[in-house]
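One-letter residues, chain by chain:
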Amino acid sequence: MPSPEQPAPFSTVLRTASSEEHEAAEQSSFMSHLLGGRLGVEAYADLTGQLWFVYRALEGRNAELADHPVAGPFIDPALLRSAAIERDLRHLRGPDWRTGLEPLPATAAYVARVEELAAGWPAGYLAHHYTRYLGDLSGGQIIRGIAEKTWGFERKGDGVHFYVFEDVANPAAFKRDYRAKLDAAGLALDEVERRRVVEECKRAFTLNGAVFRDLDARYPLSA
Ligand code: HEM
C-alpha cells in the first residue's frame, strides 16, 4: 500500500488527471455521432486519414526514442500503427490514398506538438504515447466494433486494421505491463517533471478533441 509520503502510482495519476478530458473526448459531437452509427463512411475515412498524420509523427522518431531512459521502454514494435493505417486507407481511399490527403488545421497543430516533443522532450512525448496507444487498446476496440457494424467492414479486416493489434496477444496483460512501466517512469522523474507530463497528457486529449471538432465541422449532422 502506498504510504502518505509515497506518490500515487504514475499510471493512476495519469488516468485520474485525464478522466474529465477522456469523458469530453468520448462525448464530443463527432465521437457521439460515430458511436451512434450516424456518420457516413467518408467521415470515418477522413478520421483514419487524420490519424495517419498523427501516427507518422508518433512513430517517426522511434529509433532515437528507443534509447531514451524514460521514453525508451515504451517504444515497442507491437504497437506500430502506421502500416495498419495505410492498409485501411488503401481500402477506404483507393491505391492513390495519399493524393489529396491533407491534415486538418487541428491535426497539423497536434502533429507539430508531437514532433516537437519527440525531438526535444521525450518525457512529454510519453504523455502522447500513453494517450493514443492505451486508448487504442481500450476504447479503440469499441470503435472497431461499431465501424464493422456501421460500414460493413470485415471483422478485424480492411478498414479497421488500425484497431487490430496483431502482435499484442493479450491486451489486458499488455496494459498491465504498460501501467507498470508508467509507474517506473514516474519514479524516475522529479515532482516538477511529473506534473509537466500530467499537463501534457491533458493537452494530448485537448489536441485530439480539436481534431474531432474540425471533423465535426466537416461532417455536420442535422440533429
Ligand atoms: C470515443 C469513444 C471512446 C470510448 C468508448 C472509450 C472507452 C474507453 C474505455 C472503456 C476505457 C477503459 C479500458 C480499461 O479499463 O482497460 C478507455 C481507456 C482509455 N482511453 Fe478511451 N474511449 C474513447 C475515446 C478515447 C479517446 C479519443 C482517447 C484519446 C485520444 C482515449 C484515451 C484513453 C486512454 C489513454 C485510456 C487508458 C486509461 C488508463 O487506464 O490509464 N479514449 N477508453
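Because the structure is a prediction, the values reported are computed rather than measured. (Residues numbered from 1 in each chain as written. Predicted model: local features only at pLDDT ≥ 70, side-chain atom pairs only at ≥ 80, totals over all residues. Heavy atoms only, no water.)

Brief notes about the site of the ligand
Then step 1. Taken together, 19 residues sit near the ligand, with His22, Met31, Tyr130, Lys175 and Arg179 positioned nearest.
Then step 2. Within the contact set of the ligand, an oxygen atom lies 2.5 Å away from a side-chain nitrogen or oxygen of Tyr130.
Then step 3. Within the side chain of Arg179, an N or O atom sits 2.7 Å from an oxygen atom of the ligand.
Then step 4. Broken down by secondary-structure element, the contributors of at least two residues to the shell around the ligand are helix H2 (19–27), helix H3 (29–35), helix H8 (122–137), helix H9 (139–151), helix H10 (171–188) and helix H11 (191–218).
Then step 5. Looking at the shell around the ligand, the element that brings in the most residues is H8, giving five residues. (Near = heavy atom within 4 Å. Polar contact = N/O pair within 3.5 Å; in protein donor to acceptor, adjacent residues only side chain to side chain. Helix = DSSP H or I, 4+ residues; strand = E, 2+ residues; numbered from the N terminus.)

Some words on the coordination of the iron atom of the ligand
Then step 1. Among protein atoms, the single one acting as a donor to the iron atom of the ligand is His22 (NE2), 2.0 Å away.
Then step 2. Tracing the backbone through its elements, the reader meets His22 in helix H2. (Donors = N, O, S within 2.8 Å, 3.2 Å for Na, K, Ca; no water.)

A look at the nonpolar core
One recurring pattern in soluble globular proteins is that nonpolar side chains are buried together.
Then step 1. Ranked by size, the top nonpolar core spans 68 residues in total, and within it Phe30, Leu47 and Tyr125 carry the most contacts.
Then step 2. A per-element tally of this core places helix H4 (residues 41–59) first, with ten residues.
Then step 3. Setting aside anything within four residues of it in sequence, one finds Tyr125 in contact with Leu58, Asn62, Leu65, Ala71, Ile75, Val114, Leu117 and Ala118. (Core = buried A, V, L, I, M, F, W, Y, C linked by side-chain atoms within 4.5 Å. Buried < 20%, exposed > 50% of the residue type's maximum accessible area, 1.4 Å probe, protein only. Contact = heavy atoms within 4.5 Å.)

Topic: the pattern of salt bridges
Then step 1. In total, this model carries ten salt bridges according to the counting rule given.
Then step 2. Between Lys202 and Glu199 there is a salt bridge, with the nearest N and O atoms lying 4.0 Å from each other. Note that Lys202 and Glu199 are positioned in helix H11 at a spacing of three residues, about one turn of the helix.
Then step 3. Since its relative accessible area comes to 25%, Lys202 is described here as partly exposed.
Then step 4. Residue classification places Glu199 among the partly exposed residues on the basis of a relative accessible area of 48%. (Salt bridge = Lys/Arg side-chain N within 4 Å of Asp/Glu carboxyl O.)

As for helix H1 (residues 10–17)
Then step 1. Those residues of H1 that fall on the buried side of the exposure criterion are Phe10, Ser11 and Leu14. On an axial view of H1, the arc spanned by its buried residues comes to 105°, and they lie on one face.
Then step 2. Along its buried surface, H1 packs onto H8, H10 and H11. (Arc of directions from axis to C-beta.)

Keep in mind these numbers describe shape, not what the thing actually does.
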